[in-house]
Amino acid sequence: MRIFVLLPLLIVLGGCSKAPVLKYEIKDDEVTITGCDKKASGELTIPATIEGKTVTSIGIGAFENCESLTSITIPDGVTSIGDWAFYECASLTSIVMGEGVTSIGKGAFAKCLKLTSITIPDSVTAIGGGAFNWCMSLTTITIPNSVTSIGGGAFIRSSGLPII
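Reading guide: rules and limits
- Residues numbered from 1 in each chain as written.
- Predicted model: local features only at pLDDT ≥ 70, side-chain atom pairs only at ≥ 80, totals over all residues.
- Heavy atoms only, no water.
- pLDDT = per-residue confidence, 0-100.
- Contact = heavy atoms within 4.5 Å.
- Pairing = 2+ DSSP bridges.
- Helix = DSSP H or I, 4+ residues; strand = E, 2+ residues; numbered from the N terminus.
- Buried < 20%, exposed > 50% of the residue type's maximum accessible area, 1.4 Å probe, protein only.
- Salt bridge = Lys/Arg side-chain N within 4 Å of Asp/Glu carboxyl O.

### Overview of the confidence of the model for the chain
Confidence in the prediction for the chain averages 87 pLDDT; 86% of positions are at 70 or higher. In the predicted structure, residues 2–18 sits below a pLDDT of 50 and forms 49 contacts with residues beyond four places in sequence or in another chain.

This is the structure in structure tokens:
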């Protein structure tokens, strides 16, 4: 396994750009994103490949406490979003998940206080416990029939969701 910490990633914020460091690991031909500069802000698009290898997972706590990120785009090659991956990304309002994602880990988007809506792709089969816990602004979520497992408290304290 090789560990790298040197991928500048373009993030656009109000016409200015920053290049925070994206941390990752390469194992065999797969890349796992393991971290990001906590000062990253604005819109973030996770690259589909790094060093010619497919990004397949977002690791545990990879973007935890990146409080200034407003938008995340996850490419189709990513199959799993780890536990607490985007925990406390308090300014996050938008998430675009690629069609390859099959699992969303425990607390993956917990305390994303400004997240208003999310569409989970048809490829997802499992949503971990507390995955959207404390998403106070969440008013719309689309869960496909492919989801066969939703962990306990997945939407607890997401008070904007209607009760049906």
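### Here's the deal with the pairing of strand β8 (residues 53–58)
Sheet analysis places strand β5 (residues 30–36) next to β8, joined by four bridges and oriented parallel. In the sheet register, threonine 32 faces β8, and the bridge partner there is serine 57. Where strand β7 (residues 49–50) lies against β8, two bridges are found, and the strand directions are antiparallel. What sits directly across from isoleucine 50, in β8, is lysine 53. Connecting β7 to the antiparallel partner β8 that follows it, the hairpin turn spans two residues, and glutamate 51 within it adopts a positive phi of roughly 55°. The sheet contact formed by β8 and strand β10 (residues 80–81) spans two bridges and is parallel. Its bridge partner being in β10, isoleucine 58 is matched across the sheet by isoleucine 81.

### Overview of the side chain of threonine 56
Turning to its location among the elements, threonine 56 is positioned in strand β8. By relative accessible area, which is 12% here, threonine 56 ends up buried. When residues no more than four places from it in sequence are discounted, the contact partners of threonine 56 are Glu30, Val31, Gly77, Val78, Thr79 and Ser80.

### Here's the deal with the pattern of salt bridges
It is possible for side chains bearing opposite charge to pair when their charged atoms get close. Counted by the stated rule, this structure contains three salt bridges. As a salt-bridge pair, lysine 53 and aspartate 29 come within 3.9 Å of each other at their nearest N and O atoms. Within this pair, whereas lysine 53 is found in strand β8, its partner aspartate 29 is found in the loop between β4 (21–27) and β5, the two being separated by 24 residues in sequence. In this structure, the salt-bridge partner of aspartate 83 is lysine 106, at a minimum N-O distance of 3.9 Å. Here aspartate 83, found in the loop between β10 and β11 (94–96), pairs with lysine 106, found in the loop between β12 (103–104) and β13 (117–119); they are 23 residues apart in sequence, far enough to count as distant. The partly exposed category is assigned to aspartate 83, whose relative accessible area is 24%.

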